[in-house]
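# Notes for the structure review
Here are the chains, one letter per residue:
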Amino acid sequence: VQDRPLKVRFSAKSETDGTLATDDYSATFEIIDEQSVEPSLAVRIVGNNRYKGEYEEYIGLQSGLFEELNGGVWFYRRRGGTAEIVSGPCAAEDLRIPAEIGGLPVGAIGPYAFAEARVKKLTLPSTLKRIDEGAFSCCTGLEDVEGAAELEFVGDEAFGDTPFYAAIYEATPSDSIVMIGGCAYVVKGQLSGVVALSSGTRGISSFALSGQNALTQVVLPEGLRSIGSCAFADCESLASVNLPDSL
């Protein structure tokens, strides 16, 4: 028997109204064998087959490092001198990404790390620069995101199918750039002529301005730190892009 991080799926019956819910949880468990797991005390209050639910599926060991913070278990990997979150407490409605884990600043959230999570409010640390593809996709309750001003890269569908992104897109005027925090994410409509990105722009996502055939010049602000791959791909009329010293 040993303690290892893993994921299980269980069905739990509500003690108040008897309704059923199925969810995935990451935590530290005692492994007896690959088909039998006993949850630690930290998870027992959320779901335990002895008094709240029955485990349906053993999903498997989580790779990488993990640490218990703020009442939840966070999985991460080292990425240079920073940490990348690969999974965390997906049942939390008020999700606060830690600024530091394992003695490293949290610089990124990995692909699909919180896809389909229950989060309604998301708080990002100032250390966070990158949110990869699908990281918060299909979080159907996510309406509020704070601390995104320093983001340099937002991956494809990172906030896909969320009320948060739907509201941002709706509020963006036609024929302009959709911004997610400090990141130029995608164009709504068509750009033409000379376009200057706002002074608070920290990064441009991959393919963000691709296919804008009427675009002739892009003025990038000082303070820009990152340009994603193919950001200006297939812009057939684009003749000039300045590169600020901050890149």
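Residues numbered from 1 in each chain as written. Predicted model: local features only at pLDDT ≥ 70, side-chain atom pairs only at ≥ 80, totals over all residues. Heavy atoms only, no water.

## A look at unusual backbone geometry
One non-glycine residue, D161, lies in positive phi territory at about 60 degrees. Relative to the helices and strands, D161 resides in the loop between β14 (153-154) and α2 (163-171). Unlike most non-glycine residues, D175 shows phi in positive territory, near 60 degrees. In this structure, D175 sits in the loop between α2 and β15 (176-180). Accessibility expressed as a relative area gives 46% for D175, which makes it partly exposed. (Helix = DSSP H or I, 4+ residues; strand = E, 2+ residues; numbered from the N terminus. Buried < 20%, exposed > 50% of the residue type's maximum accessible area, 1.4 Å probe, protein only.)

## Details of the side chain of T201
Position of T201 among the secondary structure elements: in the loop between β17 (192-196) and β18 (203-204). For T201, a relative accessible area of 0% corresponds to the buried category. Only 2.9 Å separates the side chain of T201 from the backbone oxygen of S198, close enough to count as a polar contact. When neighbours within four sequence positions are excluded, T201 is seen to be in contact with M179, G182, A184, P221, G223 and L224. (Polar contact = N/O pair within 3.5 Å; in protein donor to acceptor, adjacent residues only side chain to side chain. Contact = heavy atoms within 4.5 Å.)

## So, the sheet that holds strand β11 (residues 121-123)
Read across the open sheet, the 3 strands follow the order β8-β11-β13; overall the sheet is parallel. Of all strands in the sheet, those bounded by a partner on one side alone are β8 (94-96) and β13 (144-146). Ignoring strand direction, the axes of neighbouring strands in this sheet form an average angle of 10 degrees. (Pairing = 2+ DSSP bridges. Axes fitted to C-alpha atoms, helices over the stretch in contact; angles between N-to-C directions.)

## Quick word on a nonpolar patch on the surface
A surface patch of nonpolar side chains, amounting to about 320 Å² of accessible area, comprises I227, V241, L243 and L247. Here L247 shows up in the segment after β21 (240-241). Taking the relative accessible area as the measure of exposure, L247 reaches 42% and is therefore partly exposed. (Patch = residues over 30% accessible without salt bridge, like charges linked within 9 Å, V, L, I, M, F, W, Y side chains within 5 Å. Areas by Shrake-Rupley, 256 points an atom, 1.4 Å probe, with all protein chains shown as cover. Salt bridge = Lys/Arg side-chain N within 4 Å of Asp/Glu carboxyl O.)

## Regarding the pattern of salt bridges
Evaluated as defined, the whole model comprises 10 salt bridges. For D132, the salt bridge identified is with R130, shortest N-O distance 2.6 Å. Take D132: its relative accessible area is 8%, and that puts it in the buried class. The partner of E152 in a salt bridge is R225, with the nearest N and O atoms 3.4 Å apart. Linking E152 in the loop between β13 and β14 with R225 in the loop between β19 (214-219) and β20 (226-227), this pair joins segments that are 73 residues apart in sequence. Its relative accessible area of 36% is what places R225 among the partly exposed residues.

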